[in-house]
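Overview (structure and organization)
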Amino acid sequence: MRDPRLNIEIKSMEMSAEARLRSHPGARRRESSVKVLLFKLGVMILIAVAFFWWVSS
């Protein structure tokens, strides 16, 4: 007869491994990550331009 605690430990290990795989950058689709990077780059450039405009005025 199997110990139910063992099954819980196995399930916990499987869920942990799946979460690690999902959080890995290579696991995501490349298109969405490129879009996110471009958006972040655009926001950073916008902030830099606004800062320099504020300093110069």
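A quick note: this is a predicted structure, and the numbers were derived from the prediction, not measured. (Residues numbered from 1 in each chain as written. Predicted model: local features only at pLDDT ≥ 70, side-chain atom pairs only at ≥ 80, totals over all residues. Heavy atoms only, no water.)

What about the overall build of the chain?
Summing up its helical and strand segments, the chain has two helices and zero strands in all. The burial tally for the chain puts 0% of its 57 residues in the buried class. Accessible surface, the chain as shown: approximately 6000 Å² in total, 69% of it carbon and sulfur. (Helix = DSSP H or I, 4+ residues; strand = E, 2+ residues; numbered from the N terminus. Buried < 20%, exposed > 50% of the residue type's maximum accessible area, 1.4 Å probe, protein only. Areas by Shrake-Rupley, 256 points an atom, 1.4 Å probe, with all protein chains shown as cover.)

A short note on the pattern of salt bridges
Per the stated rule, a full pass over the model turns up one salt bridge. E14 serves as the salt-bridge partner of K11, at 4.0 Å between the closest nitrogen and oxygen. Here K11 pairs with E14, and both are found in helix α1 (residues 4-23), just three residues apart, close to one helical turn. You can call K11 exposed: its relative accessible area is 52%. With a relative accessible area of 39%, E14 lands in the partly exposed category. (Salt bridge = Lys/Arg side-chain N within 4 Å of Asp/Glu carboxyl O.)

Examining the packing of aromatic side chains
Enumeration according to the criterion identifies two aromatic pairs in this entry. Summarising the aromatic geometry, the rings of F51 and F52 are spaced 5.7 Å apart at their centres and angled 65° between planes, so their arrangement reads as edge-to-face. By relative accessible area, which is 43% here, F51 ends up partly exposed. Three or more aromatic residues joined by ring pairs make a cluster, and in this case those are F51, F52 and W54. (Phe/Tyr/Trp six-rings, centres within 6.5 Å; stacked < 30°, edge-to-face > 60°.)

Taken by themselves, the reported measurements are silent on function.
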